[in-house]
Amino acid sequence: MKFPAGRVFNTQYGERINIVVELPDKQEIKLWGKPGDIIGTYSRGEEIVLMANGGKYKPLEVPPEGETVPPPPKTTPANTMPSPDTVSHYCHLLTTCYQEMAGQMEGLPPELIKDMAITVFIALTRKI
């Protein structure tokens, strides 16, 4: 990240903050959010994971090392838990994403490989 959130702006959408992020191709983009959003916690120079969505970017919250991303909720009746087979399937999918990234991105730091694998996992689970 190039510039962290600073002052709060009063806009037509209410109070907003912004950060400036430099992409790997040196393009700079500005991300907007509300005070208290995750973008307000980033520091100058910190690497963040972004997800592109129709020309707009959104920061992804990556869990600390050792934690996994919970699968997105399926449309199920209230107060029911996913079956053990469903949980096993998502665990296997996340493991496969990590192993595939590690094999294709040799030489990159493990933290970056993990971040990329989680991004692919999230994208896949939203399609399922």
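See the structure above.
Residues numbered from 1 in each chain as written. Predicted model: local features only at pLDDT ≥ 70, side-chain atom pairs only at ≥ 80, totals over all residues. Heavy atoms only, no water.

Asker: Would you take a moment to explain the environment of A117 for this structure?
Answerer: With respect to the helices and strands, the residue A117 is situated in helix α2 (residues 110–127). Since its relative accessible area comes to 1%, A117 is described here as buried. For the pair A117 and Q99, spaced 18 residues apart in sequence, the C-alpha to C-alpha distance is 8.3 Å. With sequence-adjacent residues up to four places away left out, A117 is seen in contact with C97, Y98 and M101. (Helix = DSSP H or I, 4+ residues; strand = E, 2+ residues; numbered from the N terminus. Buried < 20%, exposed > 50% of the residue type's maximum accessible area, 1.4 Å probe, protein only. Contact = heavy atoms within 4.5 Å.)

Asker: How should the sheet that holds strand β1 (residues 9–11) be read in this particular structure?
Answerer: The strands making up a sheet associate through backbone hydrogen bonding, with each pair oriented either parallel or antiparallel. Read across the open sheet, the three strands follow the order β1-β2-β3; overall the sheet is antiparallel. The strands lining the two open edges of the sheet, one partner per strand, are β1 and β3 (28–33). Going from strand to strand, the sheet's axes swing by 45° on average, the running direction of each strand aside. Across three bridges, β1 lies against strand β2 (residues 14–22) in antiparallel orientation. Within β2, the residue paired with T11 across the bridge is G14. (Pairing = 2+ DSSP bridges. Axes fitted to C-alpha atoms, helices over the stretch in contact; angles between N-to-C directions.)

Asker: Would you explain the packing of aromatic side chains in this entry?
Answerer: Pairs of aromatic rings are described using the distance from one ring centre to the other and the angle between the two planes. Scanning the entire structure with this criterion turns up two aromatic pairs. Seen in terms of ring centroids, F9 and W32 are 5.7 Å apart; in terms of plane orientation they differ by 65°. Their pairing is edge-to-face. Of this pair, F9 sits in strand β1 while W32 sits in strand β3, and the two are 23 residues apart along the sequence. Geometrically, the ring pair formed by Y90 and F121 is edge-to-face, given 6.3 Å between the ring centres and 80° between the ring planes. Of the two residues, Y90 is situated in helix α1 (residues 84–104) and F121 in helix α2; the sequence distance between them amounts to 31 residues. Considered together, Y90 and F121 belong to a single accessibility category, that of buried residues. (Phe/Tyr/Trp six-rings, centres within 6.5 Å; stacked < 30°, edge-to-face > 60°.)

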